[in-house]
Amino acid sequence: YIVNRMYSSSTVAYPAALETATALPGQIVQLTFKCSTTYLPADLVYVKVPAISTVQWHPFSIASTPLHTPGLLTIYVKALGHWTNQLHDYVKQCEGEGVQPVVYMDAGYTPPPPMSSSYSSVVFVGGGIGVTPLMAQIMHLLHARPHQDVYLVWHVRTVEMLSQFHGWLRELEGVAEANHGRLHLHLHVTQKGRTDIAVGPAADTDRIAPSFDLTRFRAPPRPYAHLSTVRKLGVLLLAFLCSGTLLVYVRFGQKFTKLLGPEYWPLQRFMEFLVVVVGSYCAYGVAVVGHASEPTEGCEIDLRQPQRREVRPGDLLQHFAVKYERANWNQLFHDIQVDKFGFPPNSVGVYVSGPNALAKAIRDVTNHHTLFDVHVEEFEM
């Protein structure tokens, strides 16, 4: 555990260099990090913003794939709670004052299970911002396995959510066309309210945003990178040598039970444990001192307000055939089953990411069909 914490501490010794940091309308934050190491689509990263809290780390799903954006890693954050609302306010203030946000990132802990290449089709079902972990997997499949049919069924409450990801949807179509992939988009809006798409400040709420001290926590950013194998071995070796030397000295050289009496054996055990911890942390210097990384030059981001292209509601709704209704799950999976008639069991992978009610609806429809292999990531929106 101690060595693992040292690995983590070495990777977060400096803020992660940002390519872009944008506070989008609809209370969504896009953070794109420069990354000099590889990663897996839909993996988790942990993010800390010292201006908000110096101790809180929050997990987010990666929404990009190195096959599409090599050297970059993107996450999207929806402001749904206290910390995420503050993140949106912080990034927005940084944009307004022309200051680069200070964000720390840690990753490499929970790789997602591999997606079987034996599937003839893969159906992705997302609810709201829950589509984020699916975004990376969809783009990855369109690049790596264009022979598979890829379905995206996305439920959103308002058209505004679709407008924020209009560019990504267009990129999906472009990649599918370039790689001769088979992409099927089914976009559904569940609340038919305003028909105009807010793309400016009016989209934000009237909540009074806090003011952050942007002069604190300044440190040179570096592209994110995992600890190299050589440095990991160095940490392990030094931790073993330091801890082993101190342990031998305390256990055999200066044994408390000999100096003070056998009744002090609890103190002896405590000191043996303590020297193991102290010796291990001596290796911390190997992990953080002279940590290999790219130079900090060129890590500045473009702090100018991005020019957001206005999205006309009619064009968006018509181009993607958006429907103001919930998906007819029985009809959708029946059509897929008819299309895949004669295929062996578990030939169609189904990946669901969204509220519990959405996951339950998919389970109820697919429970009696052996064709579908369902995987669910549940969380409340």
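Above this text you will find the structure in question.
Small disclaimer: the values here were computed from a predicted structure and weren't measured.

### Focus on helix α2 (residues 82-97)
When the terminal C-alpha atoms of α2 are compared, their 23 Å separation across 16 residues agrees well with the 22 Å that a helix rising 1.5 Å per residue should span. Among all positions of α2, only W83, T84, N85, Q86, L87, H88, D89, Y90, V91, Q93, C94 and E95 are buried. As for α2, its buried residues are in contact with β1 (18-24), β2 (28-34), β3 (44-48), β4 (58-61) and β5 (72-78). Once α2 ends, the next one or two residues include G98, with phi positive near 70°.

### Overview of the sheet that holds strand β6 (residues 104-107)
Read across the open sheet, the 3 strands follow the order β4-β3-β6; overall the sheet is antiparallel. Where the open sheet ends on each side, the last strands, each with one partner, are β4 and β6. Ignoring which end each strand starts from, the neighbouring axes of this sheet average 35° apart.

### Some thoughts on unusual backbone geometry
In this model, A42 sits at a positive phi of 70°, which is unusual for a non-glycine residue. Looking at the element boundaries, A42 is found in the loop between β2 and β3. The exposure class assigned to A42 is buried, which follows from its relative accessible area of 13%. For A321, which is not glycine, the phi torsion reads 50° and is therefore positive. Mapped onto the elements, A321 comes out in the loop between α10 (313-319) and α11 (329-339).

### Overview of the packing of α11 against helix α12 (residues 356-366)
The contact between α11 and α12 brings their axes to 10 Å, and the two run at 50°. Our classification of the angle between α11 and α12 gives oblique. As for the relative orientation of α11 and α12, their crossing is right-handed in sense. Along its contact with α11, which presents W329, N330 and F333, the element α12 presents L358, A361, I362, V365 and T366. Taken together, the residues that form the contact of α11 with α12 break down as 6 nonpolar, 2 polar and no charged.

### Regarding the nonpolar core
In this structure, F124, I138, L152, W154, F165 and W168 are the most contacted members of the largest nonpolar core, which totals 35 residues. Breaking this core down by element, the ones donating at least two residues are β7 (121-127), α3 (132-144), β8 (149-156), α4 (159-164), α5 (166-178) and β9 (182-189). Top element by residues in this core is α3. It accounts for 6 residues. In contact with F165, not counting residues within four places along its chain, are I28, Y76, I129, M135 and W154. Counting residues in each nonpolar core, the second largest holds 32 residues, with V47, L73, C94 and V99 among its members.

### Brief notes about the pairing of β2
Where burial is concerned, most of β2 is hidden: 7 out of the 7 residues are buried. What you see with β2 is no split at all: I28, Q30, T32 and K34 on one side and V29, L31 and F33 on the other are buried throughout. One ladder, built from 6 bridges, connects β1 with β2; its direction is antiparallel. Within the sheet, the bridge partner assigned to A21 lies in β2 and is L31.

### A look at the sheet that holds β1
With respect to topology, 3 strands assemble into an open sheet ordered β1-β2-β5, the strand pairing being antiparallel. Looking at which strands have only one partner, the edges of the open sheet turn out to be β1 and β5. Each strand axis lies, on average, 10° off the axis of its neighbour in the sheet, ignoring direction. Looking at chain direction, β2 and β5 are connected through 7 bridges and run antiparallel. In the strand pairing of β5, K34 is matched with L72. α2 contacts β1, β2 and β5 of the sheet and is inclined by roughly 110° relative to β1.

### Structural notes on a nonpolar patch on the surface
On the surface, L246, L267, F270, L274 and V278 cluster together to form a nonpolar patch covering roughly 380 Å² of accessible area. The greatest single-element share of the nonpolar patch, amounting to 4 residues, is contributed by helix α8 (residues 265-282). Following the sequence through the fold, L267 ends up in helix α8.

What counts and how
- Residues numbered from 1 in each chain as written.
- Predicted model: local features only at pLDDT ≥ 70, side-chain atom pairs only at ≥ 80, totals over all residues.
- Heavy atoms only, no water.
- Helix = DSSP H or I, 4+ residues; strand = E, 2+ residues; numbered from the N terminus.
- Expected span 1.5 Å × (residues − 1).
- Buried < 20%, exposed > 50% of the residue type's maximum accessible area, 1.4 Å probe, protein only.
- Contact = heavy atoms within 4.5 Å.
- Pairing = 2+ DSSP bridges.
- Axes fitted to C-alpha atoms, helices over the stretch in contact; angles between N-to-C directions.
- Parallel < 35°, antiparallel > 145°, perpendicular 65-115°, else oblique.
- Left-handed = near helix turned anticlockwise from the far one by under 90°.
- Nonpolar A, V, L, I, M, F, W, Y, C, P; charged D, E, K, R; others polar.
- Core = buried A, V, L, I, M, F, W, Y, C linked by side-chain atoms within 4.5 Å.
- Patch = residues over 30% accessible without salt bridge, like charges linked within 9 Å, V, L, I, M, F, W, Y side chains within 5 Å.
- Areas by Shrake-Rupley, 256 points an atom, 1.4 Å probe, with all protein chains shown as cover.
- Salt bridge = Lys/Arg side-chain N within 4 Å of Asp/Glu carboxyl O.

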